Structure formats: structure tokens, C-alpha cells
Amino acid sequence: AVIKDWVTPEWLGAMRDAAVDSAGLERLTAKGFLRTARRGFAFVHHLVSTVVYTSIPAEVRRRLHHAVAEHLRLLDAPVSAVAYHAYEADDGPRAMEELDRAGTAAVQCLDLGAASQFYSRALEGVRREWGRGRMRENELDQLAVDLAHRLAAVLRRRGDTLAAKGVLEETLSVAAGEDASRAG
């Protein structure tokens, strides 16, 4: 459910660094939860996947997303896939970097909706990091301003100048030292 795509038992095993219970996958298929194809296994419906996903405790989901992101990095997977899992894993600075790269790639492909989502999530990552002490505040402030500029540019290109203005004003007020605005 965390992967949200077709997976093979081999892929699952490599990601988990452990053998996968193929018989268990077959039982889930026989009971109508999974479907199979040459590509591997997938849930029969997105609602089944959603129910399974939401039933996983949040900390376990974060660890699973982290494992998926690490495995995707080893496979040199597209940055958008890595960024999604790094964000869901709350991988901090690394997730922000990958989300920024995914946003830039989306802009280059003229997918402004995806770019907006990636930059927004990267900016949310900065908000999460304020107060955690894993990065210096001045570095976070600069990153927030840079991300806000990129997000605002995308929003303007999409015709949403009011949202672009709001993103810039909020980020600049926090970076300018209005500590009450910082998350944490």
C-alpha cells in the first residue's frame, strides 16, 4: 500500500532485505485483495489500498516510506518517485532537496500542477524543520525564500497571483524574524 504501484516479490524482498512470503501474496490474491500480472502484484482497487494504507500506524508508514525511498535511490529511480516517499518518510533536508529537484523537473516538463505540489511540500518540509535543530536557521530561512520564489513563479504561471503573493509574504515574514510564525 505504501508503494502505490505494481511490485514483484523480488522487489519487495530487495527493499525489505528479507524474503517475501509468496504464499501470503497468493492467499491475498485468492481472497480478492490483490491482482497479478506479468508486472507483479497490485491491489485490486485504490480503495482497498487506501484502507490498508490508513490502517498502518503513522510511524510504521514513515519507516516503510523511508525504506522505499532508499531502495528507489539505489535504483536511480525518477526523482519524483523518490521525493514522494522521502516526503512521506519526513526525511528532512534530504526530502526537501529531492522535492525541490522534482519541482524543477516538473517545470521543465511544463507540468505546473506537479511543480506546485512538489515546491509546496518542500516548503512544508522547511516549516517542519524550523525548531528541530537539524539545520541552521539561516540555511532554512534561505531555503524557504528560494522555494517560495520558485513556488510563486509557478503559481503566477498558472494564473494564481494571489496565492503567489501569499506564499511570498508568509515566507518572507518568517525569514525576516517573526519567530511566532515559525512551526515547532
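Residues numbered from 1 in each chain as written. Predicted model: local features only at pLDDT ≥ 70, side-chain atom pairs only at ≥ 80, totals over all residues. Heavy atoms only, no water.

Participant: Describe the pairing of strand β2 (residues 40-43), and please don't skip the residues or the numbers.
Facilitator: Pairing of strand β1 (residues 34-37) with β2, which is carried by four bridges, proceeds in the antiparallel orientation. Note on β2: the bridge partner recorded for threonine 36 is phenylalanine 41. Taking the residues between adjacent antiparallel strands as the criterion, β1 and β2 are bridged by two residues. (Pairing = 2+ DSSP bridges. Helix = DSSP H or I, 4+ residues; strand = E, 2+ residues; numbered from the N terminus.)

Participant: If you had to explain helix α4 (residues 58-74) to someone new, which residues and values would you point to?
Facilitator: Here α4 contains 17 residues, and its C-alpha end-to-end distance of 24 Å stays within 8% of the 24 Å for a straight helix at 1.5 Å per residue. Turning to α4, its buried residues number three or more, namely Arg61, His65, Val68, Ala69, His71, Leu72 and Arg73. Directly after α4, the chain includes aspartate 76, whose backbone phi takes a positive value near 55 degrees. (Expected span 1.5 Å × (residues − 1). Buried < 20%, exposed > 50% of the residue type's maximum accessible area, 1.4 Å probe, protein only.)

Participant: Break down the confidence of the model for the chain for me, citing the residues and quoting the values.
Facilitator: In this model, the chain carries an average pLDDT of 87, and 94% of its residues clear a pLDDT of 70 or more. Mean pLDDT across the elements of the chain bottoms out in helix α1 (residues 9-16) (74) and peaks in helix α6 (residues 93-108) (96). (pLDDT = per-residue confidence, 0-100.)

Participant: Can you explain the pattern of salt bridges? Please cite residues and give values.
Facilitator: Across all of its chains, the model carries 15 salt bridges by this definition. A salt bridge links arginine 73 to aspartate 91; its shortest N-O distance comes to 3.7 Å. Of the two residues, arginine 73 sits in helix α4 while aspartate 91 sits in the loop between α5 (79-88) and α6, which places them 18 residues apart along the sequence. On the accessibility criterion, arginine 73 (17% relative accessible area) is buried. In this structure, a network of salt bridges that share partners links the residues Asp90, Glu124, Arg128, Glu129, Arg132 and Arg134. (Salt bridge = Lys/Arg side-chain N within 4 Å of Asp/Glu carboxyl O.)

Participant: Any chance you could break down the packing of α6 against helix α8 (residues 137-157) for me, citing the residues and the numbers?
Facilitator: Packing of α6 against α8 leaves a shortest axis separation of 12 Å and a crossing angle of 25 degrees. Between α6 and α8, the crossing angle belongs to the class labelled roughly parallel. Crossing of α6 against α8: the hand is left-handed. On α8, the residues that touch Met96, Asp100 and Val107 of α6 are Leu140, Leu143, Leu147, Arg150, Val154 and Arg157. (Axes fitted to C-alpha atoms, helices over the stretch in contact; angles between N-to-C directions. Parallel < 35°, antiparallel > 145°, perpendicular 65-115°, else oblique. Left-handed = near helix turned anticlockwise from the far one by under 90°. Contact = heavy atoms within 4.5 Å.)

Participant: Residue-level account of the packing of α8 against helix α9 (residues 161-175), with values.
Facilitator: Look at α8 against α9: their axes get within 8 Å of each other, and the N-to-C directions meet at 175 degrees. Considering their axes alone, α8 and α9 lie roughly antiparallel with respect to each other. Within the contact between the two elements, α8 uses Asp141, Ala144, Val145, Ala148, His149, Leu151, Ala152, Leu155 and Arg156 and α9 uses Thr161, Ala163, Ala164, Val167, Leu168, Thr171, Leu172 and Ala175. Residues belonging to the contact of α8 with α9 are distributed by class as follows: 12 nonpolar, three polar and two charged. (Nonpolar A, V, L, I, M, F, W, Y, C, P; charged D, E, K, R; others polar.)

Participant: I'd like a description of the packing of aromatic side chains, backed by residues and values.
Facilitator: In the structure shown here, the tally under the stated rule is zero aromatic pairs. One residue, arginine 61, lies across the ring of tyrosine 53, its end atom 5.0 Å from the ring centre. (Phe/Tyr/Trp six-rings, centres within 6.5 Å; stacked < 30°, edge-to-face > 60°. Lys NZ or Arg CZ within 6 Å of the ring centre and 35° of its normal.)

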